[in-house]
Structures are given as structure tokens and as C-alpha cells.
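Below, each chain spelled out in residue letters.
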2 protein chains.
Amino acid sequence: MQEGTQATTTLAAGRAGTRTGPRIGQRTIAFSSRPRIAATAAVGGPMEGDGPLGRLLDVVYQDSLLGEKSWELAETRMLCEAVELAADKAGLAVGDVDMLVAGDLLNEIIASSFAARHLDIPFLGIFGACSALTEAIGIAAMAVDGGYARRAIAAVCSHHDTAERQYRYPTELAVQRPPTAQWTVTGAGAVVITAGDNDGDTGGSGEYRGDDDARPRITHATFGRVVDMGIKNPFDLGSAMAPAAADTIRRHLADLQVGPDHYDLILTGDLSRVGLPIAMELLAEDGLDVSGVMDDCGLRVYHPEQEVGAGASGCASSALVFAAQVFRDLQEGRIGRLLLVSTGALLSKTSAHQGENIPGIAHAIAMEAPGAGKERGR
Amino acid sequence: MQEGTQATTTLAAGRAGTRTGPRIGQRTIAFSSRPRIAATAAVGGPMEGDGPLGRLLDVVYQDSLLGEKSWELAETRMLCEAVELAADKAGLAVGDVDMLVAGDLLNEIIASSFAARHLDIPFLGIFGACSALTEAIGIAAMAVDGGYARRAIAAVCSHHDTAERQYRYPTELAVQRPPTAQWTVTGAGAVVITAGDNDGDTGGSGEYRGDDDARPRITHATFGRVVDMGIKNPFDLGSAMAPAAADTIRRHLADLQVGPDHYDLILTGDLSRVGLPIAMELLAEDGLDVSGVMDDCGLRVYHPEQEVGAGASGCASSALVFAAQVFRDLQEGRIGRLLLVSTGALLSKTSAHQGENIPGIAHAIAMEAPGAGKERGR
């Protein structure tokens, strides 16, 4: 009702697409300008360097302290370096960037806050646990698509040794871990988002009109709700996050009125070996067969022989896989359409000690290879 | 350069104002649709009920546990109730709201995350320490102004007893506090933001065209950078935040090319008795005399005889003062133009123990009374 009224007013003022165009379905945003991903950067620690992404990372540090006095300072420096590298690859100085949207796993996101102090640009700190990457990309894409920022950087980091002692036990104890536990990725990733098309409204149901450069585009965002399925085990976060991932993917596909095969890849953040089959099963129960297109970043960071339990986790799980690997696949056309769904488990030491459940959240960002929409429509 | 190019393209497509219009100066966003603040709600604990805001709060709880098992659950419930009350006052069901942007002071913002689980709408979790209110309003206003959300709620909370034990000492110890220390407000505030004008671009240098309802409008946002002046004392956060407040206010006024008296009130979040004079002094050094227009929310929550040290702090400091008191002043025309500048001190127990400084951040949101711009222009 209100939409109809607004659309009329908007059209009358010659600003079609700016009020109601951006929303499709119940929950999904269609970015009418299709912001560009100008560049990404990813840095990682020694274990990440030894893994399948090793040769794709921009920097592999030889030790997880990076020569700093604390793991927290090391984590902060990784985030700074990822942001600086990404800006540089996009041909920008950090000072040219209007907005940094960043988060991490630490209490009071001190890695991001302290990195922002060094980077010295307007800073929006976020917390979405391991869903931070797609939350940050979504906010940054709104800012760029709406013209509130000409250039924005979405960035996240995590560090195995800071997360381990904050959420579980003192790192030096080397407590034995059950097989459902995941290994927090040591690394940081940054995504530079710049203005997209201004030549017409290609959002929602619009047709892709082609573009003259080779940057992948951000087409849609679906922000998730918090979903609680009663999981209480902090060593099984994959199960805690799977229902949220399924919920967001289901709503996204319904809003676009497409099936899973609309995407070449639906890539969750860190469900890993335990959570991924649960999410796929939940989607199958809703008649959505994702078996041919779904994968999880948590299964792409380490080799099986690296013995990381159920797989990778942490904000840097989806950040390293996206920024180092999948962004290249998009840019070089090996993937036409991507739905990236970073997944977060919402707990603190306090909430766990107080016997609270561990709810999950997942935010989905749809992206396209340069020219991908051209031959395929929406 | 790029701006010029974009403006031409944009005008050609008949969408003037959507790309470059929203940015003025170096750092400031001008919201072309001037989103409405449809309603606010504020709830507080017993001490807040005894203070000057007491009779203005929507709910005053008789004890700080609210009958819950833990202070954390009490804090979560306060946030839920503030959001539900604000939605109700705006004539909305919570389910009608497209986006909740919320944060608090707790590790992993569990109060906000658990409130979002109950409220069951798309959730963007933020962390900006006590700057959370204006960070949340800024993100929500971008979302509504850009058409990405029809209605959004920005909400924050804090609780004296959860903050005390998390950041300082076990609450039950009742450790003696130095006079520079502030008292974390127990309360929650919520701000409902709905679509503004669609009848022309009134952002940036545009003239106000009047509107036919009595809702205050959000006109500008200036997101701050992290500023570090070398403060290390966690019992003197006012001093830590004052430079960030001054930095953001200075940049905001420069971007708008106006003096401090453009505003009837420049209201910081929780600088309190120690930090406010420092911020005013820093602005005076830049030739900005704010003595007639500047005040701090931290001085408005408690009576002097309540013995809260230097004043109030916490996300709920600016939330309670804005949502319960200043919003009414705007709505009823006692204030024409407001610059609200929530201020955050960025520290964690870990960063403090590791000897790190406590940097600050501040985000500014400009608002106008209904019709305020009409007679005054910009």
C-alpha cells in the first residue's frame, strides 16, 4: 500500500527506482546501480598459507604473532594490511575511501577499532560474529549504491589464538577438541566497493545492460534474522548456524522467485563438515535441492591432513575464501552468479556460562561476474 | 573529478540526487528525502526513574533485574520492550519493520543479538561502544533514505550492573570509584525511522520545502573516525572521548559551512563533567565557540545528589536523553535544529590489560523539528 503511494510520488518527481525499486519480495534489496567490487585482498597465517588457498593469499605471515607483542596486535595489523592492500589494488589511497565497515570476533571488536585508528577514515564498527563479512558488504553496498559513499571498504579479521582464549580455554593449554569443533582462521580480508552503473535501473526485475569493465557486481542483499534451534554446545557451532543459513537462503530465493540453480555457487561462511549437510537437509525439506550448487568456505581453507576438526571458522573463513579465491573465479568468469552467505554464531562466554542457547544469523550477498547477467537475464 | 562524471550520467538518466547529491563536503551525508523519526521509546531502571528524566520515560522498572535470572537477560528485555513500544507508538507492528540496527556494550553484543532473536526481523548488529545510538541511526537513515528499508528501527541499551562487571570489577564488590568515573545508565532507547519526502531533492544545499506532518526529520550524518589522544585510564572515559567528539563536530560544521549556532543544541553522548569542557576547549581552539549551544546527555540523566561521579555513560545515556526528552523538544518545536553526537570509548578488558590507549569515536546526526527549516533555510 505504502509502496504504491511512494512509487507514484517518486515517479512524479523523476526519481524512479530510488524509493521502492531497491526492495524486492519481503526481505531482499536489489541494488539498482550494481556497485562494483573494485578489488579484494586477503592475508593469512602460517596454517592458512599451508592450505589450499596458500598461493592465492596476498600475504602469508611466517608466524601468527607477526612480530607483535600480542596476538590481538597481530590481528589488528592483519586487518590494516588487508585494507591497505585492497585499496592499493583498486588504485586508491586509503584516504580516498569514504567509509570503512569492519568487524571481528574480539570483545568490543578491538581489532577493527584499533585498525580503524591507524587507517584514519570514517568507521562503522559491526558485530555479527562470523557473519561479519556479508553484513559489512551489505552495509557498504547500501552506502555506495545510495551515493552516501563514493568508495567503501568492507573488512573483517579473525585470529585462532585470540579467539581460542576469548571463547574457550587459554590457548597455551591446548585443550583436546571434539571432532565437531572448528578451527578459527587466522587472517583478514578486505573488499573495495565502488560506484556501479548510473545508466538506468537494473535492480529487481530489470535486465542487465552490460558494462564496459571487468569488475564483478553486487546485485542483491538479504539481511538475516536471528534463528535459534536450541543448540548449546560451543564446540558445535556449525549446527548452531545451519538453520540461520537455510532461513536466509530460502527467503532470498523466494524473494527473487528463482531456484537454487539461479546461482552457480551458493557459498556459506563456516558451517563446515557438520553444519553444511544440516543446512542442505533443511533446504531440501523445503523443496530446494542445492546439492549441485552449495558449498562452504569452512571446507576450503585447510587440507584434510591439517587436522582442524570439522573445518574452518571465524570471520576470516569466508573472507579468505571469497577475497582470495572466489572473487577471482567471478572476475575470470568461472562463476557467473554467486550467493555468498557468511554465517555467525551468537554467543559470548557470559551467555554460554549462563546456559543460554547459541542462536545463529546469516546475511546473503548476491554477486555477478562481469557480463554474466547479459546472456542470462535475471 | 569522478563526482562530476557521475553527476552528468545521473542527470542524463533522470535520477539527479541519487549518486552525488547525498554527499556534501568531505565527510557528511545529506539525506535527500529527510527521513522521518516516526516515534521513539525509552525505558530505564530505578535510578533513571529517580532522575530528571523519570517522568518522561515510557517505563521505569522497579528493580534492575526486571525479575529475570541475570542482569544480561534484564538488559535484553529492556531492549525488546523499547523496540516494541517505539514500533507501537509509530503505529507499526514490529513485523512491519524491515531492519533493526542495534548495539550495546556487552561482549559480542549479546543483549542486542538476543533481543533480535525475540523480535524476529532482519538484524544488523553494530558495535561502537557508547556511540552506538548515532551509528545505528546513521545506518538506518541510509537504509530508509535509499529505499532499502521502508521502516527501520535504531536501538541501543546498556545496564550498569552488566557493564560494571564486564569492564571493571565484580559489581557486588562495590569498588570505590574516582570522581572522574561515570555511571553506566540502565536503560534502552529505540528510534523508528520511516520514509521522508519524495517531492524533490532537499539535501545538501537544497531549501526545505515544508511537510504536512509533525515528525522531526533526519537531515545529515557525519560518521566519525577513531581518534586517540593517549588516554589510558578506564575511569576517565570522558577525556578519552572528548577529542573524537570535537573532531566530528568540527568536520560536520565545516562540511555544512555553518557555525555552531546553526544548531539550537549540539548534544554529545556521555562526555559528562570531565569530558564536555575538554571538547568545548578543543573546539574553541579551532575558533568554534559552542558555549551557548553545547550540552552533554551524561549531565541530564541523574540529579547531582544521586552521586554518580562525573555523570552518566553507556549507550543508554544518549538514548534515554534523546528518546525521552530531546525528541519531544524537537517535535514540539522547543528545539529547531539538533546535532546529536553519541560518543564511544573503544576499549576491552584485554586491550586495557595489554596497556593499550583508549581511543574514542563519535558520530553526528543532524535533525530538524517539523517545519524548522521552513523559515530558516539552511
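Just so it is clear, the structure is predicted and the values come from calculations on it, not from any experiment. (Residues numbered from 1 in each chain as written. Chains lettered and ligands numbered in written order. Predicted model: local features only at pLDDT ≥ 70, side-chain atom pairs only at ≥ 80, totals over all residues. Heavy atoms only, no water.)

Participant: Outline the packing of aromatic side chains, listing residues and values.
Facilitator: Under the criterion given, the structure shown has 4 aromatic pairs over all chains. Geometrically, the ring pair formed by Phe 31 of chain A and Tyr 148 of chain B is tilted, given 5.9 Å between the ring centres and 55° between the ring planes. Taken together, the residues Phe 31 of chain A in the loop between strand S2 (28-30) and strand S3 (36-44) and Tyr 148 of chain B in the loop between helix H5 (132-145) and strand S7 (151-158) connect one chain to another. Assigned by exposure class, Phe 31 of chain A and Tyr 148 of chain B land together as buried. Lying across the ring of Phe 114 of chain A, Arg 117 of chain A places its NZ or CZ 4.5 Å from the centre. (Phe/Tyr/Trp six-rings, centres within 6.5 Å; stacked < 30°, edge-to-face > 60°. Helix = DSSP H or I, 4+ residues; strand = E, 2+ residues; numbered from the N terminus. Buried < 20%, exposed > 50% of the residue type's maximum accessible area, 1.4 Å probe, protein only. Lys NZ or Arg CZ within 6 Å of the ring centre and 35° of its normal.)

Participant: Tell me about the side chain of Ser 272 of chain A, and name the residues and values.
Facilitator: Residues and elements named next belong to chain A. One can find Ser 272 in helix H8 (residues 272-285). Under the relative-accessibility criterion, Ser 272 is labelled buried at 0%. Reaching out from Ser 272, the side chain makes a polar contact with the backbone oxygen of Ala 312 at a distance of 3.0 Å. Non-local contacts of Ser 272, meaning those with residues more than four positions away in its chain, are made with Gln 182, Pro 277, Asp 296, Gly 298, Leu 299, Ala 310, Gly 311 and Ala 312. (Polar contact = N/O pair within 3.5 Å; in protein donor to acceptor, adjacent residues only side chain to side chain. Contact = heavy atoms within 4.5 Å.)

Participant: Give a description of the nonpolar core that names residues and reports values.
Facilitator: Core analysis: the largest hydrophobic core is formed by 202 residues, its most contacted members being Phe 322 of chain A together with Phe 322 of chain B. Apart from residues no more than four positions distant in its own chain, Phe 322 of chain A is found in contact with Ile 37, Thr 40, Leu 133, Val 191, Phe 327, Leu 330, Leu 338, Leu 340 and Met 367 of chain A. (Core = buried A, V, L, I, M, F, W, Y, C linked by side-chain atoms within 4.5 Å.)

Participant: I'd love a proper account of the interface of chain B and chain A, names of residues and values included.
Facilitator: Listed per partner, the contact involves 76 residues of chain B and 76 residues of chain A. A combined buried area of about 6,500 Å² lies between chain B and chain A, and 54% of that area is made up of carbon and sulfur atoms. At the boundary of chain B and chain A, one finds 24 residue pairs in polar contact (both at pLDDT 80 or more). Looking at the side of chain B that touches chain A, the elements that each hand over two or more residues are helix H1 (2-12), helix H3 (71-89), helix H4 (110-119), strand S6 (123-125), H5, helix H6 (160-167), helix H10 (349-353) and strand S15 (360-368) of chain B. (Buried area = accessible area lost by both parts, 1.4 Å probe.)

Participant: If you had to explain a nonpolar patch on the surface to someone new, which residues and values would you point to?
Facilitator: All names here are of chain A. On the surface, Tyr 169, Leu 173 and Val 175 cluster together to form a nonpolar patch covering roughly 260 Å² of accessible area. By secondary structure assignment, the location of Val 175 is in the loop between helix H6 (160-168) and strand S8 (183-184). For Val 175, a relative accessible area of 32% corresponds to the partly exposed category. (Patch = residues over 30% accessible without salt bridge, like charges linked within 9 Å, V, L, I, M, F, W, Y side chains within 5 Å. Areas by Shrake-Rupley, 256 points an atom, 1.4 Å probe, with all protein chains shown as cover. Salt bridge = Lys/Arg side-chain N within 4 Å of Asp/Glu carboxyl O.)

Participant: Residue-level account of the relation of the copies chain B and chain A, with values.
Facilitator: To go from the first copy of the chain to the second, apply a rotation about an axis and then a shift along the same axis. For these two chains of identical sequence, chain B goes onto chain A by a turn of 180° and a shift of 0.0 Å along the axis, with RMSD 0.0 Å. Classification of the inter-copy transformation places it as that of a two-fold axis. Relative to the rotation axis, the C-alpha of Ile 126 of chain B is the closest in chain B, positioned 1.9 Å from it. A shared interface surface links the copies, since 100% of the contact residues of chain B are contact residues in chain A too. (Least-squares fit on C-alpha atoms with pLDDT ≥ 70 in both.)

Participant: Account for the pattern of salt bridges, naming residues and giving values.
Facilitator: Applying the stated criterion to the full structure yields 40 salt bridges over all chains. Glu 368 of chain A is the salt-bridge partner of Arg 34 of chain A, the closest N and O atoms lying 2.9 Å from each other. Of the two residues, Arg 34 of chain A is situated in the loop between S2 and S3 and Glu 368 of chain A in strand S15 (residues 360-368); the sequence distance between them amounts to 334 residues. Comparing Arg 34 of chain A with Glu 368 of chain A, the two get one shared label, buried. Here the salt bridges share partners, and the residues they tie into one network are Asp 120 of chain A together with Arg 225, Asp 247, Arg 250, Arg 251 and Asp 286 of chain B.

Participant: How would you sum up the pairing of S15 of chain B? Please name residues and give values.
Facilitator: Side chains on a regular strand alternate between the two faces of the sheet. All names here are of chain B. Counting buried positions along S15 yields 9 of 9 residues, so the element is predominantly enclosed. Burial along S15 is two-sided: the residues Gly 360, Ala 362, Ala 364, Ala 366 and Glu 368 and Ile 361, His 363, Ile 365 and Met 367 are all buried. Strand direction decides the pairing type here: strand S10 (residues 217-222) and S15, joined by 5 bridges, are antiparallel. Each bridged residue has a counterpart across the sheet, and for Ile 218 the counterpart in S15 is Met 367. Judged from the 9 bridges that link them, strand S14 (residues 337-345) and S15 form a sheet pairing that is antiparallel. What sits directly across from Leu 338, in S15, is Met 367. (Pairing = 2+ DSSP bridges.)

Participant: Pulling in residues and values, what's your account of the packing of helix H3 (residues 71-89) of chain A against helix H4 (residues 110-119) of chain A?
Facilitator: All names here are of chain A. At a minimum axis distance of 8 Å, the contact between H3 and H4 shows a crossing angle of 50°. When the axis of H3 is compared with that of H4, the two are oblique. Helix-helix and strand crossings are classified by hand; for H3 and H4 the assignment is right-handed. For the pair formed by H3 and H4, the contact residues are Glu 72, Glu 75, Thr 76, Leu 79, Cys 80, Val 83 and Glu 84 on the first element and Ile 110, Ala 111, Ser 112, Phe 114, Ala 115, His 118 and Leu 119 on the second. (Axes fitted to C-alpha atoms, helices over the stretch in contact; angles between N-to-C directions. Parallel < 35°, antiparallel > 145°, perpendicular 65-115°, else oblique. Left-handed = near helix turned anticlockwise from the far one by under 90°.)

Participant: Kindly report on the domain arrangement of chain A, identifying the contributing residues and their values.
Facilitator: Residues and elements named next belong to chain A. Annotation of chain A at the domain level lists domain 1 (30-194) and domain 2 (217-375). The C-alpha centroid of domain 2 is placed 17 Å from the C-alpha centroid of domain 1. Listed as interface residues are 59 residues of domain 1 and, on the opposing side, 54 residues of domain 2. At the boundary of domain 1 with domain 2, total buried surface from both sides reaches about 4,600 Å², with 66% on carbon and sulfur atoms. Counting the surface domain 1 buries against domain 2, the share from its top three residues, Leu 53, Cys 130 and Gln 182, is 15%. (Domains from an automatic or database assignment.)

Participant: Hey, could you go over H4 of chain A for me, with residue numbers and the actual values?
Facilitator: Among the 10 residues of H4 of chain A, 8 are classified as buried, and the element is accordingly described as predominantly covered. Taken as a whole, H4 of chain A has its buried residues at Ile 110, Ala 111, Ser 112, Ser 113, Phe 114, Ala 115, Ala 116 and Leu 119 of chain A. Tucked inside the fold, the buried residues of H4 of chain A contact H3, strand S5 (99-103), strand S6 (123-125) and strand S7 (151-158) of chain A together with H10 of chain B. Asp 120 of chain A sits one or two residues past H4 of chain A and shows a positive phi near 65°.

Participant: Run through the side chain of Asp 161 of chain A, naming residues and quoting values.
Facilitator: Residue and element names in this part refer to chain A. By the element assignment, Asp 161 lies in helix H6. Of the side chains with opposite charge, Arg 165 comes closest to the buried, unpaired Asp 161, at an N-O distance of 8.3 Å. Within polar-contact distance, the side chain of Asp 161 engages the side chain of Ser 64 at 3.1 Å. Every residue in contact with Asp 161, bar those within four places of it in the chain, is listed here: Ser 64, Trp 71 and Thr 171. (Lys, Arg positive; Asp, Glu negative; His and termini not counted.)

Participant: Run through helix H9 (residues 315-331) of chain A, naming residues and quoting values.
Facilitator: What sets the pattern is the α-helix's 3.6 residues per turn: residues three or four places apart point alike. Residue and element names in this part refer to chain A. Between the first and last C-alpha of H9 there are 23 Å, a value that for 17 residues agrees with the 24 Å anticipated at 1.5 Å per step. The principal kink in H9, of about 45°, is found at Phe 322. Of all 17 residues in H9, 15 are buried, a share of seventy percent or more. At the C-terminal side of H9, Gly 333 shows a positive phi close to 80°. (Expected span 1.5 Å × (residues − 1). Bend = angle between axes of the 7 residues up to and from the residue.)

Participant: Please set out unusual backbone geometry residue by residue, giving values where relevant.
Facilitator: Of all residues except glycine, most have a negative phi; of all peptide bonds, most are trans. All names here are of chain A. With phi around 60°, Glu 108 is a residue other than glycine that occupies positive phi space. Residue placement: Glu 108 occurs in the loop between S5 and H4. Backbone geometry places Gln 257, a non-glycine residue, at a positive phi of 55°. For Gln 257, the location among the structural elements is in the loop between helix H7 (237-256) and strand S11 (265-268). Using a relative accessible area of 71% as the deciding quantity, one classes Gln 257 as exposed.

Participant: A description of the environment of His 353 of chain A should follow, citing residues and the corresponding values.
Facilitator: Mapped onto the fold, His 353 of chain A is located in helix H10 (residues 349-353). Placed 221 residues apart in sequence, His 353 of chain A and Ala 132 of chain A show a C-alpha to C-alpha distance of 24 Å.

Participant: Talk me through the pairing of S11 of chain A; I want residue IDs and the actual numbers.
Facilitator: Residue and element names in this part refer to chain A. Burial along S11 is two-sided: Leu 265 and Leu 267 and Ile 266 and Thr 268, pointing in opposite directions, are all buried. As judged from the 4 bridges shared by S11 and strand S14 (residues 337-345), these two strands associate in the parallel manner. Looking at the pairing, Thr 268 lines up with Val 341 of S14. The sheet contact formed by S11 and strand S12 (residues 294-296) spans 3 bridges and is parallel.

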